[in-house]
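Listed below are the residues making up each chain.
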Protein chains: 2
Amino acid sequence: MGSTNISYNYNNAMARMVGKDGIAETELSGLQKRALAIHKDLQKKREEKIIGFFDLPYDNLLVQAIMAIANDIKRNFENFVVIGIGGSSLGPACLQRALNHSFHNFLSSQGRRGRPRMFFLDNPDPDSVKGLMEALDLRTTGFNVISKSGGTAETLAIFMHIYNVVQRRFSKTALSKHFIVTTNPDRGYLREVAVADKLKTLPIPENVGGRFSVFSPVGLLPAAVAGINIKNLLSGAAEMDQKCSKPEIMSNPAYLNAAIHYLADTKKGKRISVMMPYSDALKDVAFWYRQLWAESLGKKMEKGKTVKHIGQTPVAALGAVDQHSQIQLYMDGPNDKIVTFLCTKKFRKECKVPRVFSSIEALDHLANQDLGTLLSNEYLATEYALTQNGRPNVSFTMEEINDFNMGALLYLFEVQTAFAAGLYKVNAFDQPGVEQGKNATHTLMGRKSKEDRARMKQFKAYIKERKKYKCL
Amino acid sequence: MGSTNISYNYNNAMARMVGKDGIAETELSGLQKRALAIHKDLQKKREEKIIGFFDLPYDNLLVQAIMAIANDIKRNFENFVVIGIGGSSLGPACLQRALNHSFHNFLSSQGRRGRPRMFFLDNPDPDSVKGLMEALDLRTTGFNVISKSGGTAETLAIFMHIYNVVQRRFSKTALSKHFIVTTNPDRGYLREVAVADKLKTLPIPENVGGRFSVFSPVGLLPAAVAGINIKNLLSGAAEMDQKCSKPEIMSNPAYLNAAIHYLADTKKGKRISVMMPYSDALKDVAFWYRQLWAESLGKKMEKGKTVKHIGQTPVAALGAVDQHSQIQLYMDGPNDKIVTFLCTKKFRKECKVPRVFSSIEALDHLANQDLGTLLSNEYLATEYALTQNGRPNVSFTMEEINDFNMGALLYLFEVQTAFAAGLYKVNAFDQPGVEQGKNATHTLMGRKSKEDRARMKQFKAYIKERKKYKCL
């Protein structure tokens, strides 16, 4: 039985390290009273089962069921395709990239992995969807359709296309072999289809939002199929739950990191939250976090006539790659960012840099060391340079990238986000701002309600106006 | 002989569409005098060969040479690995994703493409580098090592590892079969190695910076190997060169888009430039642009005692995926962004959404249409919703995603960036802010110059300070 090993270092976010762009200790302690109230509110909502993500790591029965299904899939299929968008894709994709071999699909094609190739269809792009259907042998392909509401237009459109192909290629009864549906346990279109066609289903609890669903079947089934030990993953999350249980900001890493980001944004003008892993395996953690942070906190607050627009803009970066793309801006551009580094002490593989160009003295110091040493030193050097330039940053360092630590890290960010919403006084769990575009899409696709007709009229006027100026 | 077909629509960046957060026509015309001066300066530097990227589309002899080398590679190899970072990777990766089949590598493994699988090693991450080496059959693998200076630490470290593996597996003479080096024509470590080992080389002209090198051999060789018609690509770029040749802002799309972004940033608080393609194929254009915009404009200006920090932060997004991740923030969060949509009228493939769930009336309007129609309508709906909310945006729409249009689009963004640097009064072609971190890395890796020793001392003091507070 292993356990988690992650450290969190926030020194470089503090004024004593980065000067006026950093946070004073008194600013943190000044939030403690509010922190206590937010903590109590979150605990209450947890106990009353209003907020569901907190307790996801503890459902052992569900884990057994998921592992059984995953074993079936591993036996029956060479390809496993996740159909989902947003929280229904970012979580599973992030786990798969973090914990699987970097070239898993390629090795799997050579029969060297014993587990299906993993694909994620998250965009209703015909080039991708048709492209994948051209590439796969359908006989050995399983699909996991994921939508919390069961009515996500993009996911359903892709599903409808593939459902039809499978049904025509094989038979109506083959559907239950090829599709597993992860959705609301009680209602929604996907649930209706699953019941009618006797498809296997897994539940997404009503009180768990898409972006907080990585420890529900949304994340767990694809993870288990990819060969990730989901018991360890959840055990890491549960361990972090304990470590984030105190109401004191200074002894709760999730609350502390939330408070630092909140103060950085609202008091120090750090309107951008960069997450920069120094590891290809951790790359998609930044994309998962990007949804969590943006959608939970990016909100409009209306109080009488005053409207406030709230929320840091999260940016996903990658070290060392973005040293050759973004660091020039992070160093010399506006001091409007706080950077979160993610790194690992050990990499899974060793990759020595031998002394091959002996004539080139200037490269001598790179030789006889490991690529991992280079990458780790690049992280340290970049952190150092940013700090010297007064640019605030924090870091999470794992002993190694494993299932325990991934569970712990993602759980921490979820608690951090829920707590940050308390500081910002916004609802972390809604997304009212997406409705307007969603409705306009349905109108344009030909839905014909009364509202759609009115909207279409407005839209036509808009299109006319929009044509006024053209250049090129 | 085809030609380009792209339109640029900037109505939604203007005050008459988005109100006070938009740009007034007088603000654009107010820049015309400066535009003329910047135009003359750019023309002069083009003629004097100080800025080289402008003329890259016109070197026909080089194109012939590259195509001959690419044909050799296609005949000899099943895998082609680009080793490069920043501008030496983002350009070729962007072309390959835009113009190749979405699942090219997978199909290629089944012998269904007639061209090598394409890989990009851009990060000195041992899990990726060793991982790829485990997956590939070296006998049928070619490597293209790319570094403008010939001294990029990350690229050289990866190269040294693989060079050694190839040398030990085969022989010293096999090196010239497996490696092609793209670097400075006259000097640098890579050049020295290439000469000593008689490796094939291609030049990156001295006056072409990494982030402006996509139409040099950096972008062209991998593109040609991937089966992209590089003549058409360059012909599209040349056509855009013509379309961006006028000094008047209002009739030069590159200057106009630069002016709009400059005004949005400096007058309307739009400190973030989001690029949001609505097509998986165009996804990496946003990552290529992200380097171009950040590294060229993110600069420090010192005038006497006053220091100004300049530069929009570019953000790469993707439609429709990020409607389920970032649009909540873009709609309701701070109005500090200008969005550039990239889209295509035609997709390469058709992918019908059939009427399969006939009992579910609410989905009826999705049925019997193409996925491409859904994606295009989602773009329109999102653009509409943002505009209604007073959020400025512009759009580039291609008739289809082909080599001509890709050449034209990327060339336009290069001219736009060079011109924007004139407006911001910064040097688009340097990156002084990365030196500090680069030097610190060499120090940490054990380089032992006098400066390194001093730096190491400072660094040790820093590490001690940095340990002061820990939580977790």
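The rules behind these values
- Residues numbered from 1 in each chain as written.
- Chains lettered and ligands numbered in written order.
- Predicted model: local features only at pLDDT ≥ 70, side-chain atom pairs only at ≥ 80, totals over all residues.
- Helix = DSSP H or I, 4+ residues; strand = E, 2+ residues; numbered from the N terminus.
- Buried ≥ 20, exposed ≤ 12 C-beta atoms within 10 Å, placed from the backbone.
- Least-squares fit on C-alpha atoms with pLDDT ≥ 70 in both.
- Contact = placed C-beta atoms within 7 Å.
- Nonpolar A, V, L, I, M, F, W, Y, C, P; charged D, E, K, R; others polar.
- Domains from an automatic or database assignment.
- Pairing = 2+ DSSP bridges.
- Expected span 1.5 Å × (residues − 1).
- Axes fitted to C-alpha atoms, helices over the stretch in contact; angles between N-to-C directions.
- Parallel < 35°, antiparallel > 145°, perpendicular 65-115°, else oblique.
- Left-handed = near helix turned anticlockwise from the far one by under 90°.

Novice: Would you mind showing me how to read the overall build of chain A here?
Specialist: What chain A contains, in helices and strands, is 19 helices and 14 strands. Dimensions of chain A, computed from the C-alpha atoms along their principal axes, are close to 65 × 65 × 60 Å. Buried residues in chain A amount to 61% of all 472 residues.

Novice: How should the relation of the copies chain A and chain B be read in this particular structure?
Specialist: With an RMSD of 0.0 Å, chain A superimposes on chain B once it is rotated by 180 degrees and translated 0.0 Å along the axis. The superposition operator between the copies reduces to a two-fold rotation axis. Closest approach to the rotation axis among the C-alpha atoms of chain A is made by Val315(A), whose C-alpha sits 3.4 Å away.

Novice: Explanation requested: the interface of chain A and chain B in the structure shown.
Specialist: The accessible area lost on association of the parts is a frequent measure of interface size. Contacts between the two partners involve 127 residues from chain A, matched on the other side by 127 residues from chain B. Among the elements that take part in the side of chain A that touches chain B, helix α16 (residues 371-388) of chain A stands out by supplying 12 residues, more than any other. Split by residue class, the side of chain A that touches chain B holds 61 nonpolar, 40 polar and 26 charged.

Novice: Even after reading the chapter, I still don't get the domain arrangement of chain A, so can you show me in this structure?
Specialist: Domain annotation for chain A reports domain 1 (6-47 + 247-424), domain 2 (53-232) and domain 3 (435-466). For domain 2 of chain A versus domain 3 of chain A, the separation of C-alpha centres amounts to 33 Å.

Novice: It is not clear to me how the pairing of strand β8 (residues 299-303) of chain B should be interpreted in this structure. Could you clarify?
Specialist: Here is the key point about a regular strand: its side chains alternate between the two faces of the sheet. Residue and element names in this part refer to chain B. With 5 bridges joining them, β8 and strand β9 (residues 306-310) adopt antiparallel strand pairing. Its bridge partner being in β9, Lys299 is matched across the sheet by Ile310. In this structure, the hairpin formed by β8 and β9 is closed by a connection of 2 residues, where Gly304 is found at a positive phi of approximately 60 degrees.

Novice: Hey, could you run me through α16(A) in this one?
Specialist: Note that an α-helix has 3.6 residues per turn; residues three or four places apart therefore point the same way. All names here are of chain A. Taking 1.5 Å as the rise per residue, α16 with 18 residues should run 26 Å; its terminal C-alpha atoms sit 26 Å apart, in good agreement. Most of α16 sits inside the fold, with 17 of its 18 residues counted as buried. Note on α16: the residue one or two positions beyond its end, Gly390, has a positive phi of about 75 degrees.

Novice: Would you explain unusual backbone geometry in this entry?
Specialist: It is generally the case that most residues other than glycine have a negative phi and that most peptide bonds are trans. Cis peptide bonds are those with omega within 30 degrees of zero, and the linkage from Gly319(A) to Ala320(A) qualifies with -5 degrees. Topologically, Ala320(A) is positioned in the loop between β10 (313-316) and α15 (327-332). Positioned with a positive phi, Lys425(A) is a non-glycine residue whose angle comes to about 60 degrees. The exposure class of Lys425(A) is exposed, given the 12 C-beta atoms found within 10 Å. Even without a glycine there, the phi angle at Lys198(B) is positive, about 55 degrees.

Novice: Looking at this structure, how should I read the pairing of strand β5 (residues 179-183) of chain A?
Specialist: Residues and elements named next belong to chain A. With 5 of 5 residues buried, β5 is to be regarded as a mostly interior element. Bridge analysis of strand β4 (residues 141-147) against β5 gives 5 bridges, and the strand direction is parallel. Counterpart to Asn144 in the pairing with β5 is Ile180.

Novice: Sorry if this is basic, but what is going on with the packing of helix α3 (residues 32-47) of chain A against helix α17 (residues 403-424) of chain A here?
Specialist: In helix packing, the relevant descriptors are the interaxial angle and the interaxial distance, both defined with respect to the helix axes. All names here are of chain A. It is at 10 Å that the axes of α3 and α17 come closest, and there the two elements cross at 125 degrees. For the element pair α3 / α17, the angle class is oblique. For the element pair α3 and α17, the recorded crossing hand is right-handed. Counted together, Arg34, Ile38, Asp41 and Leu42 of α3 and Ala418, Phe419, Gly422 and Leu423 of α17 form the full contact between these two elements. Here the contact of α3 with α17 is composed, by residue class, of 5 nonpolar, 1 polar and 2 charged.

Novice: Just to check I follow, could you spell out the packing of helix α5 (residues 87-99) of chain A against helix α14 (residues 283-297) of chain A for this structure?
Specialist: Residues and elements named next belong to chain A. Running from N to C, α5 and α14 point in directions that differ by 160 degrees, and their axes come no closer than 8 Å. With respect to α14, the element α5 is oriented roughly antiparallel. Viewed along their axes, α5 and α14 form a crossing whose handedness is left-handed. Seen from α5, the contacting residues are Gly87, Leu90, Gly91, Ala93, Cys94, Arg97 and Ala98; seen from α14, they are Lys283, Asp284, Val285, Phe287, Trp288 and Gln291. A per-class count over the contact of α5 with α14 returns 7 nonpolar, 3 polar and 3 charged.

Novice: Would you explain the sheet that holds strand β10 (residues 313-316) of chain B in this entry?
Specialist: Pairing between the strands of a sheet comes from backbone hydrogen bonds, and it takes one of two forms, parallel or antiparallel. All names here are of chain B. Read across the open sheet, the 5 strands follow the order β1-β14-β11-β7-β10; overall the sheet is mixed. What marks the edges here is a single partner per strand, and that holds for β1 (6-9) and β10. Mean inter-strand twist for the sheet, computed between neighbouring axes without regard to direction, equals 15 degrees. One ladder, built from 6 bridges, connects strand β7 (residues 272-277) with strand β11 (residues 337-346); its direction is parallel.

Novice: Sorry, what's going on with the sheet that holds strand β5 (residues 179-183) of chain B here?
Specialist: All names here are of chain B. Spatially, 5 strands are ordered β3-β2-β4-β5-β6 in an open sheet, and the strand pairing comes out parallel. A strand with exactly one partner marks an edge of an open sheet, and here the two such strands are β3 (117-121) and β6 (200-203). With strand direction ignored, the average angle separating the axes of adjacent strands in the sheet is 20 degrees. Helix α10 (residues 189-197) contacts β4 (141-147), β5 and β6 of the sheet and is inclined by roughly 145 degrees relative to β5.

Novice: What am I meant to see in α17(A) here?
Specialist: Residue and element names in this part refer to chain A. For α17, with 22 residues, the first-to-last C-alpha span of 32 Å sits near the 32 Å given by 1.5 Å per residue. Here α17 lies mainly inside the structure; 21 of its 22 residues are buried. Immediately beyond the C-terminal end of α17, within one or two residues, lies Lys425, with a positive phi of roughly 60 degrees.

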